[in-house]
Every structure is written in structure tokens, then in C-alpha cells.
Number of protein chains: 2
Amino acid sequence: MRTKLDQTKDLAPQIAKAIREAIVAGDLISDARLPSESDLAEQFGVSRPTVREALKRLAAQSLIRTQRGATGGAFVNRLTYEEAYPQQITTSTLLLSMNAVDFETACEARYTLERACAPLAAKRRGPDHLAAMQAEITRQGAPGLTDEAFCASDVAFHRALVDAAGNPVLSYQLAGAVEAMQPLMNMITFTARSREEIIALHSRIADAVSAQEPAAVEAALSELENYTKSLGAQVMAERRGG
Amino acid sequence: MRTKLDQTKDLAPQIAKAIREAIVAGDLISDARLPSESDLAEQFGVSRPTVREALKRLAAQSLIRTQRGATGGAFVNRLTYEEAYPQQITTSTLLLSMNAVDFETACEARYTLERACAPLAAKRRGPDHLAAMQAEITRQGAPGLTDEAFCASDVAFHRALVDAAGNPVLSYQLAGAVEAMQPLMNMITFTARSREEIIALHSRIADAVSAQEPAAVEAALSELENYTKSLGAQVMAERRGG
DNA sequence: TCTGTCCAATTGTCTGACATTAATCGTTTG
DNA sequence: CAAACGATTAATGTCAGACAATTGGACAGA
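Note that this is a predicted model, so its numbers are computed, not measured. (Residues numbered from 1 in each chain as written. Chains lettered and ligands numbered in written order. Predicted model: local features only at pLDDT ≥ 70, side-chain atom pairs only at ≥ 80, totals over all residues. Heavy atoms only, no water.)

Caption draft 1: Here's a closer look at the state of the cysteines. Overall, the coordinates contain zero disulfides over all chains when judged by the stated rule. Considering cysteine sulfurs only, B:Cys117 is the nearest to A:Cys117, which forms no disulfide, with 12 Å between them. You can see B:Cys107 has no disulfide; the closest cysteine sulfur is in B:Cys151, sitting 12 Å from it. (Disulfide = S-S within 2.5 Å.)

Caption draft 2: The packing of helix H4 (residues 81-98) of chain B against helix H8 (residues 168-179) of chain B, seen in detail. Residue and element names in this part refer to chain B. Where H4 meets H8, the axes come as close as 8 Å, and the angle between the chain directions of the two elements is 30°. With respect to H8, the element H4 is oriented roughly parallel. Crossing handedness for the pair H4 and H8: right-handed. Between H4 and H8, the contacting residues are Tyr81, Ala84, Tyr85, Gln88, Ile89 and Ser92 on the first element and Pro168, Val169, Ser171, Tyr172, Gln173, Ala175, Gly176 and Glu179 on the second. By residue class, the composition of the contact of H4 with H8 is eight nonpolar, five polar and one charged. (Axes fitted to C-alpha atoms, helices over the stretch in contact; angles between N-to-C directions. Helix = DSSP H or I, 4+ residues; strand = E, 2+ residues; numbered from the N terminus. Parallel < 35°, antiparallel > 145°, perpendicular 65-115°, else oblique. Left-handed = near helix turned anticlockwise from the far one by under 90°. Contact = heavy atoms within 4.5 Å. Nonpolar A, V, L, I, M, F, W, Y, C, P; charged D, E, K, R; others polar.)

Caption draft 3: Representation of the domain arrangement of chain A in the model. For chain A, the assigned domains are domain 1 (11-76) and domain 2 (81-241). Using only C-alpha atoms to locate each centre, domain 1 of chain A and domain 2 of chain A end up separated by 39 Å. (Domains from an automatic or database assignment.)

Caption draft 4: Seen up close, the side chain of B:Asn77. Take B:Asn77: it is sitting in the loop between strand E2 (73-76) and H4. Overall, the relative accessible area of 8% leaves B:Asn77 in the buried class. Among the polar contacts listed, one links the side chain of B:Asn77 to the side chain of B:Arg65, at a separation of 3.3 Å. In terms of polar contacts, B:Asn77 uses its side chain to reach the side chain of B:Glu83, at 3.3 Å. When neighbours within four sequence positions are excluded, B:Asn77 is seen to be in contact with A:Met98, B:Ser30, B:Ser62, B:Leu63, B:Ile64, B:Arg65 and B:Glu83. (Buried < 20%, exposed > 50% of the residue type's maximum accessible area, 1.4 Å probe, protein only. Polar contact = N/O pair within 3.5 Å; in protein donor to acceptor, adjacent residues only side chain to side chain.)

Caption draft 5: Structural context of the protein's contact with DNA strand C. In the vicinity of DNA strand C, 26 residues are found, and the nearest of them are A:Arg52, A:Arg68, B:Leu11, B:Ser47 and B:Thr50. Counting only the atoms of DNA strand C within 4 Å of the protein, the fraction contributed by sugar and phosphate is 69%. Residue A:Arg48 places a side-chain N or O atom 2.9 Å away from a base nitrogen belonging to DNA strand C. Within the side chain of B:Ser47, one N or O atom sits 2.7 Å away from a phosphate oxygen of DNA strand C. Elements with a contribution of two residues or more to the surface near DNA strand C: helix H3 (48-60), strand E1 (64-67) and strand E2 (73-76) of chain A together with helix H1 (11-24) and helix H3 (48-60) of chain B. (Near = heavy atom within 4 Å.)

Caption draft 6: Region of interest: the pattern of salt bridges. Taken as a whole and assessed by the stated rule, the structure comprises 30 salt bridges over all chains. Across the salt bridge formed by A:Arg159 and A:Glu179, the nearest N and O atoms sit 2.5 Å from each other. Within this pair, whereas A:Arg159 is found in helix H7 (residues 147-163), its partner A:Glu179 is found in helix H8 (residues 168-179), the two being separated by 20 residues in sequence. Here B:Asp154 and B:Arg110 are joined by a salt bridge, their closest N and O atoms 3.5 Å apart. You can see B:Asp154 sitting in helix H7 (residues 147-163) and its partner B:Arg110 sitting in helix H5 (residues 103-124), a full 44 residues away along the chain. What makes B:Arg110 buried here is its relative accessible area of 1%. A single salt-bridge network, built from bridges that share partners, covers A:Glu37, A:Arg48, A:Arg52 and B:Glu53. (Salt bridge = Lys/Arg side-chain N within 4 Å of Asp/Glu carboxyl O.)

Caption draft 7: Seen up close, the relation of the copies chain B and chain A. Mapping chain B onto chain A is achieved by rotating through 180° and translating by 0.0 Å along the same axis, at an RMSD of 0.2 Å. Here the transformation between the copies is reduced to the relation of a two-fold axis. (Least-squares fit on C-alpha atoms with pLDDT ≥ 70 in both.)

Structure follows, in C-alpha cells:
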């Protein structure tokens, strides 16, 4: 960790980088305690506030956690899926919204990845996954549902589908792709007719997963992708027109 | 942004959260300038160092960038793929290493996602993608290559394959899955025989992409997945034995 | 042995100051 | 009159020192 610093500028990022690399390289294992802020300040030859800024950067990435008190300090955090999910989703969402990624591209990426989960989901789905999917389908048919709630339920349905694949790494990677689409989907106003269509496709997907027919799952997902794209295209056309 | 703060504790995270939500919600658009640190401190009723810590957290997530000088300050960052990539990779890598994700699960996730790119890659690959893949294959056959360099080239090959799909969102999502595997792959000692095998499969993949035959790409990827898994299983068995 | 109190270590926050950077404005000069 | 150059200024980056808050452990007493 004791790397040289370019003493001239931007000390905090350099310190953060040094510690981060030590963690990623495995020199600091989970739950290991870092030296106190004062010690680090002395080691790196900077002041305590500078060290603190560096530590805050790491805390923002959930790489470390801090604890006050006598035996307190900064500890290397054991990154859990629960902590990694929101980060992944926030980053993906911003990436889409700030880079003017067109609806079509985002949609294609999402459904391409989701189709990849289909075979595993069909093979490994348990009763809980099937129940979760069915519950969302029911919710989506409820009258008086706002567009936003409909979208949220849509996301929940697809997450259940992905989780059915029984691979946590896959679930993690897909979370970004699926959730990041929600803001884009929220721009769409769903008519009763389009909701019906989507719910019907969701049912086909759920049934195919239940029947363990991967090809049918993929086919229904492809149809849903095309339908979603067409809805998005309509919105874009109207936006340009009006 | 002017949300209430629980004045009692952990002010910096609260401020960071308030600003982050304003950015994610779109209240602060790209390149918008935040108030100066002094102004923010006054607005939130805290001291400047506290505000600074909050800003550093956001900077660590690349949500803002800071600039010194007269017209300087903190600006909402337009998150680019270049900035998002390393974050995605770091998080994915740590998630795998810290959660004792077994080789098999990680491998399955990676190749499942990669197969999903196959149809698009076969359809859209350009001469540059084909050249990149071919270049890595050549490098992998070079004598005297270390295991680490071989793995790095392997990653580069697969990234070229993913990029061939021509969907930046897909490339971004896959980066985590592919790169995060590298530390796990580095545990494997590649024999001349196994390198030969892998290079042959890479060639099959490249040829199938070149010939625009998605099914052949998927088949070769599946074989590569199985072969990689068997290599990993060997390492695990030896480790348990010795 | 158990319990309550005190103490020490550590992070969280504040205050004030100075250094550094970079744009702008005014002045000076060709 | 225009261009170049220096002073000003506003902002972040860094530092020093201090105090508050919190937590665990040690120590003394019942």
C-alpha cells in the first residue's frame, strides 16, 4: 500500500487508488482493519482530512466500512450482492440517460441478455419463481394501475424470470440491464390494449418456463422485444411530431 | 435537493444521497454546475469539510467532476462508457472474489451471456472485429507466453467478440462478466495441450463469426465453456488433494 | 463473580487559514 | 486600435488543531 505519491497534486485520489488496488489485489482481505486515519496520514505524509477524503471515496464504492469507537476504524468490506445491486443499477441508469442511448439499443441489449437466461430458467425454475411471476401478471391486470406501477411490476416479473435461472452472478449482471430500462419505459403511456398484449406475452413466458420449454420462452421474449420496440418507436414518433 | 437532514449524525452520507437523488432524478442535468462548497455548506447548515466529503463520495462514483479556478466548481458529470467500465469491472471482480463464487457458477454466467451476443456478432461483425479476434488468436499461439498474458489475451479476444455485436450497452454489461473471470482464470496453469485446445476453439469461433453462422458460434462457445469448466474442476481437485 | 464507572482510541465535525488554479478584467504597449 | 500581459478574484485542494460522539475494554467495588 505504501506506494509513492506525486506530491504535487490530487493527493486524495492517489491514496484512494493505492488502497483500492491493495484491496482488489487481495493484500487486504475482508474484514481486515486499516490503520487509523492518523496513522495513514503519517504513512502517506499528508494530513488527516486528505486521508479522510480518500477513505470516503472507497466507502462510496462499498469497498470499506467505518466504525466509530475504541476498536473502530476502517474495515475492508465484504461486498455483498445487496450492496452491489444498487450501485450497478445506478450506474447503468445514468449511463443510459446521459448518453442518449436510443430506446432500441437499450431494448435490444436487455432482451438479448434475458433470452440468454431462458434455457437455465426453464431448466431450474422452482415453485417460488413461478409463483412470483404469476403474482406480477395478476398485478399487471389490476384495474386502476398507474403506468409507473405497471412498469415496476414489469421489472419485478422479469427479475423473477432471471432469478429462476438460479445463478446469482447472472442475476447481478442482469439487474443493471433490466432496471436501467425502467426510466425509458416510464416514458411510454400504456393503453389498455397494449397492457393486454404485454400481459398475454408475460403469461406465455410464464407458461413456457413452467412447462420447461426454453425455445418457447425465447420466442415469447423475442415477440415482447419487438412489441416493446414498436411502442417505443410510437412514442418517439409522436414526440418528434408534437 | 434541499431535503431535511437528520441533524444528529452521519451528515455527509445524507448530503451525498440528497444530491445523488437529484442527479438520478434528472433535476440536475449533465454539465450543470452545483453551488460552491461554501454555498452548499450554508444551504445544508454544515461545515465545508462535511460538504467536501459528500462531494468526494459522488466523485468516486463519477457522478460529478470538480474543476478548480474562478469558473470552477462541481459539475454533474456526463457518465461515459470509459468511466463506467472500470467501475463495473472492479465491482464485479470483488463480488466474485469476496463471495466465494465457485468457478462453475461464474463460468456459466459468463458464457451464457456471451452466447447471447453470438447472433448479433455474427450478423454485424466488421473487418476490424475479425482482425482483432485473429490478432489475439495469433498472440495466444506465441511461444514463451506467460499464463497471465495468455489470460489477458483471452479476455481481449472475448471482448472483441462482444464488441462485434455492435451494441454498446451490451458491451458494457458484458465487460463485468468477462473481466471479472480473469482472476479466477489466472489460478489455472495452462499446459501446452490445453492452450492448443483453447486456441482451436477460438479459431472455430472466429471462423463462425466470419462466416456469419450464429449457431456455430454458440456451439463453439458451449464447448469452450465445458472445456474451461473441466480445467477449473481439475485445479479445484488438485487443490483439495494437495 | 458480577456490575458499574471511567478511560482511551477512533471516527465525525467544525473553524480558520493558506496554497493552487484558472478565468476575467484592466492596463500597458506595439 | 488591437494584442499581450499582469492583477484580481473566485473556487477547489490541503493543512493544522480542536472538540464532540461513540464504543470497547480495563479497573475498582460490591
